[in-house]
Amino acid sequence: MMERLCFGIDIGGTSVKLGLFTDKGDLLDKWEIPTNKEENGSHILEDVAASVNKKIVDGKLNRDNIIGIGIGVPGPVTEDGTVIHCVNLGWGVFNVAEETRRLTGFETKVGNDANVAALGEMWQGGGRGYKNLIMVTLGTGVGGGVILNGEILTGSNGAAGEIGHITVNFEEEDSCNCGRKGCLEQFASATGIVKEAKRMLEKSKEPSKLREVSHLSAKAIFDYAKEGDDLSNKLVEQLCRYLAIAMSHIAHVVDPQAFVIGGGVSKAGTMLTEKIKKYYDNNVLFALKNKDFKLAELGNDAGIYGSAKLIIGK
Ligand SMILES: [Zn+2]
């Protein structure tokens, strides 16, 4: 019997990542094309279709063995594949699944990129073996995904899992990118952590190795915390406490088996997961304690894995 194949695609603001997968989860090939944002991104899906077609022709693949295409996009997506404004791509409101089906002839499923990454980690990454998990991605922003019974929780407007915009500090006076104040993203994104460090360095007279760093970064803060720098440790503790607060709120609603932490900041490793776990356990009902805290494993490939899983299904 011929192997069944599918494409997992992750559309980002600068590049589109594409992967060819077997339905068992083996990544056979991956490549990238630039994201053409001209004319409100109206050529992006045409480029994707052309690239998929070229791979089929070059690889002499049999179209009958291809079960379809999964796509992750950086914005809210409803269950039928309609995006509700992808500011990054210049897209308004339209049905991406339908359009891709028309352009390629293949069945297509579409999801939000952060949600899809969570599905990818559940399938072949740090969340393997779980069917109910929450993923939090700590990058330039804070993304999230909620997986329940092996499927993405999408919500009525495709905006479920926006963990980065849970309010964790009601006293904060600066505004988040979303226009509100005190969001998790303001404290737990790579940029947020650095901003907090600058604040703390200004406020306190405490000596700290961070004062000698020419370019403050989340990595420097974690490295110095591990070396015993007090101020760096305070920053890490604050970060983990805010993360744990947001996670405990979600846990009280969905009672997941595990949390998976991904994104560049997660390179801090088990120091991060252990501290989050400590604050989390102090913040939840007894029945919600003792969850597993895992690190993501797929890095930038989580999106293509999750997109492939979207089309493969449970
Ligand atoms: Zn926000």
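Residues numbered from 1 in each chain as written. Predicted model: local features only at pLDDT ≥ 70, side-chain atom pairs only at ≥ 80, totals over all residues. Heavy atoms only, no water.

Draft legend 1. Structural view of the pattern of salt bridges. Counted under the stated rule, the structure contains 19 salt bridges. For the salt bridge of aspartate 23 with arginine 4, the shortest nitrogen-to-oxygen distance reads 3.0 Å. You can see aspartate 23 sitting in the loop between β2 (15-22) and β3 (27-34) and its partner arginine 4 sitting in the segment before β1 (5-11), a full 19 residues away along the chain. Take aspartate 23: its relative accessible area is 17%, and that puts it in the buried class. Between lysine 24 and aspartate 23 there is a salt bridge, and its shortest N-O distance comes to 3.3 Å. Among the ionic contacts, a cluster of salt bridges with common partners joins Glu172, Asp174, Lys195, Glu196 and Arg199. (Salt bridge = Lys/Arg side-chain N within 4 Å of Asp/Glu carboxyl O. Helix = DSSP H or I, 4+ residues; strand = E, 2+ residues; numbered from the N terminus. Buried < 20%, exposed > 50% of the residue type's maximum accessible area, 1.4 Å probe, protein only.)

Draft legend 2. Examining the coordination of the zinc ion more closely. Within the protein, the zinc ion binds to His165 (ND1), Cys176 (SG), Cys178 (SG) and Cys183 (SG); these donor distances fall in the range 2.0 to 2.3 Å. For the zinc ion, the four donor atoms in the first shell make angles of 108 to 115° at the metal, a pattern classed as tetrahedral. Each donor residue of the zinc ion belongs to the same chain, with the gaps between them written as H-x10-C-x1-C-x4-C. Given the relative accessible area of 6%, cysteine 176 is considered buried. The partly exposed category is assigned to cysteine 178, whose relative accessible area is 37%. (Donors = N, O, S within 2.8 Å, 3.2 Å for Na, K, Ca; no water. Tetrahedral: all angles 85-135°; square planar, octahedral: opposite > 155°, others 65-115°.)

Draft legend 3. Up close: the environment of leucine 27. Note that leucine 27 resides in strand β3. Through-space distance from the C-alpha of leucine 27 to that of histidine 249 is 35 Å; in sequence the pair is 222 residues apart.

Draft legend 4. Quick peek at the sheet that holds strand β9 (residues 142-148). Within the open sheet, the five strands sit side by side as β10-β9-β8-β11-β12. Their pairing is mixed. Edge positions in the sheet fall to β10 (151-152) and β12 (292-295), since each of these pairs with one other strand and no more. Taken together, the four bridges between strand β11 (residues 258-262) and β12 define a ladder with parallel strand orientation. Residue pairing across strands places phenylalanine 259 opposite phenylalanine 293, the latter belonging to β12. Running at roughly 155° to strand β8 (residues 133-138), helix α8 (residues 230-254) makes contact with β8, β9, β11 and β12 of the sheet. (Pairing = 2+ DSSP bridges. Contact = heavy atoms within 4.5 Å. Axes fitted to C-alpha atoms, helices over the stretch in contact; angles between N-to-C directions.)

Draft legend 5. Fine view of the layout of surface pockets. Volume-wise, the largest pocket comes out at about 1,400 Å³. Lining the largest pocket are 47 residues, with Asp113, Ala114, Thr137, Gly141 and Gly143 positioned closest to its centre. Taken together, the elements giving at least two residues each to the lining of the largest pocket come down to β1, β2, β5 (82-86), α4 (113-124), β8, β9 and α10 (302-312). The greatest single-element share of the lining of the largest pocket, amounting to five residues, is contributed by α4. Approximately 410 Å³ is the volume attributed to the second largest pocket. If you trace the second largest pocket, you find 19 residues lining it, with Glu79, Glu151, Ile152, Thr154 and Leu310 closest to the centre. The set of elements that each furnish at least two residues to the lining of the second largest pocket consists of β7 (108-112), α4, β10 and α10. In terms of residue count, β7 provides more of the lining of the second largest pocket than any other element does, four residues in total. Among the residues making up the lining of the second largest pocket, the classes are represented as six nonpolar, eight polar and five charged. (1 Å grid on protein atoms, 1.4 Å probe; cavity = no way out; pocket = protein on both sides within 12 Å on 5 of 7 lines; lining within 4 Å. Points joined across faces, edges and corners; volume = space filled by probe spheres on them. Nonpolar A, V, L, I, M, F, W, Y, C, P; charged D, E, K, R; others polar.)

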